[in-house]
Amino acid sequence: MSSNAMAVEIEGLTKSFGNVHALRGLDLTVPAGQVTGFLGPNGSGKTTTIRILLGLLRSDGGRATVLGGDPWADAVRLHRSIAYVPGDVTLWHNLTGGEAIDILCRLSGPLDPRRKQQMLDRFELDPTKKARTYSKGNRQKVALVAALASDAELLLLDEPTSGLDPIMETAFTESIAEVKAQGRSVLLSSHIFAEVEKLADTVTIIRNGVTVETGSIAQLRQRLRTQVTAVLAGGSAALAAVDGVHDLVQVDGQTRFTVDEESLPAVLAQVARLQPRSLVANPPSLEELFLRHYGEELAAVNGADSNGRNGAQK
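Our subject in this report is the structure included herewith. (Residues numbered from 1 in each chain as written. Predicted model: local features only at pLDDT ≥ 70, side-chain atom pairs only at ≥ 80, totals over all residues. Heavy atoms only, no water.)

## A short note on the overall build of the chain
Within the chain, the regular secondary structure consists of 10 helices and 13 strands. Structurally, the chain occupies a C-alpha span of about 70 × 60 × 45 Å along its principal axes. In the chain, buried positions account for 45% of the 314 residues. Contacts spanning at least 24 positions in sequence make up 69% of the contacts within the chain whose residues lie at least 6 apart. A total accessible area of about 15,500 Å² is found for the chain, and carbon and sulfur atoms account for 50% of it. (Helix = DSSP H or I, 4+ residues; strand = E, 2+ residues; numbered from the N terminus. Buried < 20%, exposed > 50% of the residue type's maximum accessible area, 1.4 Å probe, protein only. Contact = heavy atoms within 4.5 Å. Areas by Shrake-Rupley, 256 points an atom, 1.4 Å probe, with all protein chains shown as cover.)

## Thoughts on the packing of helix α4 (residues 113-122) against helix α6 (residues 166-181)
Describing two packed helices takes the angle between their axes plus the distance from one axis to the other. Two elements in contact, α4 and α6, have axes separated by 10 Å at closest approach and are oriented at 150°. Looking at the two axes, α4 sits roughly antiparallel to α6. Only Met168, Ala171, Glu174, Ser175 and Glu178 of α6 make contact with α4, whose side of the interface consists of Arg115, Gln118, Met119 and Arg122. Class assignment for the residues of the contact of α4 with α6 results in 3 nonpolar, 2 polar and 4 charged. (Axes fitted to C-alpha atoms, helices over the stretch in contact; angles between N-to-C directions. Parallel < 35°, antiparallel > 145°, perpendicular 65-115°, else oblique. Nonpolar A, V, L, I, M, F, W, Y, C, P; charged D, E, K, R; others polar.)

## Notes on helix α3 (residues 97-106)
Where α3 is concerned, the buried positions are Gly97, Gly98, Ala100, Ile101, Asp102 and Cys105. Elements in contact with the buried residues of α3: α4 and α5 (136-149).

## Brief notes about α4
Looking only at α4, the buried set comprises Arg115, Lys116, Met119, Leu120 and Arg122. The arc enclosing the buried residues of α4, seen along the axis, measures out at 165°, which places them on a common side. Looking at α4, the residues exposed on the side facing more than 90 degrees away from the buried face are Pro113, Arg114 and Asp121. Buried-residue contacts for α4 involve α3, α5 and α6. For α4, the side-chain oxygen to backbone nitrogen distance between the N-cap and Arg114 is 3.0 Å, and the N-cap itself is Asp112. Looking at the residues trailing α4, positive phi occurs at Glu124, about 50°. (Arc of directions from axis to C-beta. Polar contact = N/O pair within 3.5 Å; in protein donor to acceptor, adjacent residues only side chain to side chain.)

## Observations regarding the sheet that holds strand β12 (residues 254-259)
Within the open sheet, the 4 strands sit side by side as β11-β12-β10-β13. Their pairing is antiparallel. On the outer flanks of this sheet lie β11 (245-251) and β13 (276-282), each paired with one strand and no other. Strand after strand, the sheet turns through a mean of 15° between neighbouring axes, direction not considered. (Pairing = 2+ DSSP bridges.)

## A short note on the side chain of Ser175
Mapped onto the elements, Ser175 comes out in helix α6. The class for Ser175 is buried, based on a relative accessible area of 0%. Among the polar contacts listed, one links the side chain of Ser175 to the side chain of Arg122, at a separation of 2.8 Å. Within the structure, Ser175 has its side chain in polar contact with the backbone oxygen of Ala171 (distance 2.9 Å). Apart from residues lying up to four places away in sequence, Ser175 is in contact with Met119, Arg122, Phe123 and Leu148.

## With respect to the layout of surface pockets
In this structure, the largest pocket encloses a volume near 460 Å³. Lining the largest pocket are 20 residues, with Ala83, Tyr84, Pro86, Leu104 and Leu107 sitting closest to its centre. Elements with a minimum of two residues in the lining of the largest pocket: β5 (82-85), α3 and α5. The residue makeup of the lining of the largest pocket, split by class, is 15 nonpolar, 4 polar and 1 charged. Roughly 150 Å³ of internal volume is contained in the second largest pocket. Tallied by class, the residues present in the lining of the second largest pocket amount to 5 nonpolar, 2 polar and 2 charged. (1 Å grid on protein atoms, 1.4 Å probe; cavity = no way out; pocket = protein on both sides within 12 Å on 5 of 7 lines; lining within 4 Å. Points joined across faces, edges and corners; volume = space filled by probe spheres on them.)

## With respect to unusual backbone geometry
One non-glycine residue, Glu159, lies in the positive phi region at around 55°. Turning to its location among the elements, Glu159 is positioned in the loop between β6 (154-158) and α6. The backbone of Asp252 shows a phi angle near 50°, a positive value even though the residue is not glycine. Considering the arrangement of structural elements, one finds Asp252 in the loop between β11 and β12.

Printed below as a string of structure tokens:
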């Protein structure tokens, strides 16, 4: 596969389960040698998409290619080049963790013992214990070690750090950076925005089985405003008339406003003339980009929770 090829290409993908339309024309690409974040809440179609890419489900329509092949017709061949980590790992109870890792690794080619030991040490996993004794976090480590120690060309990761503590999440971040440096490709589905923001080259956000945003973090940030907080010796009245300044308020002696990215240099030049004693500019986070599409649903949930609590108090 050439360096300019796509590890995954999906166009207009559809899938229904009876009257439930899980995918309604999804578009998604994973450039070769890059990490692509795949975001959406439970029920948005992420896991269905990954199961189609694995050849476990057959799509109803649209087009999907994985490493240049058809994920349904070429599943056996493609699985030699794919490693998969689900969010809830099930293992063979009577095998040790090390035996499970050996089996999983060999599905995608020869196993490098040194790489395997490196991952075992990094994730602090005892491979001699039976799988039935493992906690959820340790079962997750088995799948991660197997995927990261393999030579798989494409890693499909569906909530891979579920059940891991913050130290192990750091080990995961380090490992994915190494995978990327090796020129391998990753599709990372996660609810941890900071994790995706740190690792992903591009991000695709889906809603109800349809792509609603796609692009690099920088490209997505251009669609939202930067939040600025400052303490100004010269007062903030002059900022109200500056092009690109929005939502200007004074809170506890601080001036807060949002600013369009293209207006940021001119606005900051104006702020400099107002003798700032402190200044903090925060670009929009990935979570804010996500909530741009799901904020009203979150508000509805919070409203329902609030009504329930209020009702209980009456």
